[in-house]
Amino acid sequence: MLTKEYTLDQIVKMVKPSDLRILSIVKKAEDCLVPKEFLLNGFAIDKYSLALISLRFICGEINKRKHNGIVMPRVIVSIADADGLKYRCENDEISELLAMIENDGIKCGVELSA
């Protein structure tokens, strides 16, 4: 796992943007230090509703990749405040989505950094 051995700063220096996409969920968009060319959506996510939609999308992508055997481009889901995100969720959906990303994602090129 890249995120266990390297920081995001180091990773973006080692990998081409075409080989890596980063979903960056932050408290404030200006706090995002990931270069724009690596951002999955072209911008950092700083709204709860967009974070939830994006995590659902990533889990759908994991299911597709598992079925099709795809691992590239690699995807890193970077969450600045996972506990705060979970707290805002009225049910356990955020926790379930993060668990799926953490448990199933690595097999198909998706990593969680929270």
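See the structure printed just above.
Rules of the game
Throughout, a residue's number is its position along its own chain's written sequence, starting from 1. Only residues with pLDDT of at least 70 are given local features in this predicted model, and only at 80 or more are side-chain atom pairs given and counted; all residues enter the totals for whole chains, interfaces and linings. No hydrogens and no water enter the side-chain calculation; it runs on all heavy atoms of the structure. Runs of E in the DSSP output that reach at least two residues are strands. Runs of H or I that reach at least four are helices, and both are numbered from the N terminus. The pairing criterion is simple: DSSP has to find at least two bridges between the two strands. Fitted lines through C-alpha atoms give the axes, limited to the stretch in contact for helices. The angle between two N-to-C directions lies from 0 to 180 degrees. Pairs of residues are marked as contacts when any of their non-hydrogen atoms sit within 4.5 Å. Any carboxyl oxygen of Asp or Glu within 4 Å of a side-chain nitrogen of Lys or Arg constitutes a salt bridge here. Exposure classes here rest on a 1.4 Å probe applied to the protein chains alone. A residue is buried below 20% of its type maximum, exposed above 50%, and partly exposed in between. Each helix should span, by expectation, one fewer than its residue count multiplied by 1.5 Å. Classification remark: right-handed applies to a crossover when, strands pointing away from the viewer, the course from the first strand over the helix to the second runs clockwise. Among buried residues, those of type Ala, Val, Leu, Ile, Met, Phe, Trp, Tyr and Cys that are joined through side-chain atoms within 4.5 Å constitute a nonpolar core.

Q: It is not clear to me how unusual backbone geometry should be interpreted in this structure. Could you clarify?
A: If a residue is not glycine, its phi is most likely negative; likewise, a peptide bond is most likely trans. For the peptide bond that leads from Met 72 to Pro 73, omega is -5 degrees, which places it in the cis range. Position of Pro 73 relative to the elements: it lies in the loop between helix 3 (48-68) and strand 2 (74-79).

Q: Looking at this structure, how should I read the sheet that holds strand 1 (residues 20-25)?
A: Whether parallel or antiparallel, the strands of a sheet pair through hydrogen bonds between backbone atoms. Strands sit in the order 1-2-3 across an open sheet of 3 strands; the sheet is parallel. Unpaired on one side and paired on the other, strand 1 and strand 3 (110-113) mark the two borders of the sheet. Strand-to-strand twist across the sheet, computed as the mean angle between neighbouring axes with direction ignored, equals 15 degrees. As paired elements, strand 1 and strand 2 share 6 bridges and run parallel to each other. Within strand 2, the position partnered with Ile 25 by the bridge is Ile 79. Those strands touched by helix 5 (residues 93-104) are strand 2 and strand 3, and its axis lies near 125 degrees from that of strand 3.

Q: Could you clarify how one ought to interpret the pattern of salt bridges in this entry?
A: Opposite charge on two side chains lets them pair, provided their charged atoms get close. Counted by the stated rule, this structure contains 9 salt bridges. Here Glu 93 makes a salt bridge to Arg 56, at a shortest N to O gap of 2.7 Å. Here the residue Glu 93 occupies a position in helix 5, and Arg 56 occupies one in helix 3, the gap between them amounting to 37 residues. For Arg 65, the salt bridge is made with Glu 61, and the minimal N-O distance between the two is 3.1 Å. Of the two residues, Arg 65 and Glu 61 both sit in helix 3, 4 residues apart, roughly one turn of that helix. On the basis of relative accessible area, Arg 65 is assigned to the buried category, the value being 4%. Salt bridges here are not isolated pairs; linked through shared partners, they connect Glu 61, Lys 64 and Arg 65.

Q: What's the story with helix 3 in this structure? I'm lost.
A: Since there are 3.6 residues in each turn of an α-helix, residues three or four apart along the chain are aligned in direction. A rise of 1.5 Å per residue sets the reference length of helix 3, with its 21 residues, at 30 Å; its end C-alpha atoms lie 30 Å apart and thus fit the reference within 8%. Looking one or two residues past helix 3, Gly 69 carries a phi angle of roughly 75 degrees, positive in sign.

Q: Can you help me understand the pairing of strand 2 in this one?
A: In the case of a regular strand, side chains alternate between the two sheet surfaces. The element strand 2 is extensively covered by neighbouring structure, given that 5 of its 6 residues are classed as buried. Handedness of the crossover joining strand 1 and strand 2 through helix 3 is recorded here as right-handed. Judged from the 4 bridges that link them, strand 2 and strand 3 form a sheet pairing that is parallel. Its bridge partner lying in strand 3, Ser 78 is registered against Ser 113.

Q: Explanation requested: the nonpolar core in the structure shown.
A: Soluble, globular proteins show a tendency: their nonpolar side chains are buried together. In terms of nonpolar packing, the biggest core is built from 24 residues, with Leu 55, Val 77, Ile 79 and Ile 101 touching the most fellow members. When contributions to this core are tallied by element, the ones reaching two or more residues are strand 1, helix 3, strand 2, helix 4 (82-88), helix 5 and strand 3. At 7 residues, helix 3 tops the list of elements feeding residues into this core. If you look at the next biggest cluster of nonpolar residues, it comprises 12 residues, including Val 12, Leu 20, Ile 22 and Val 34.

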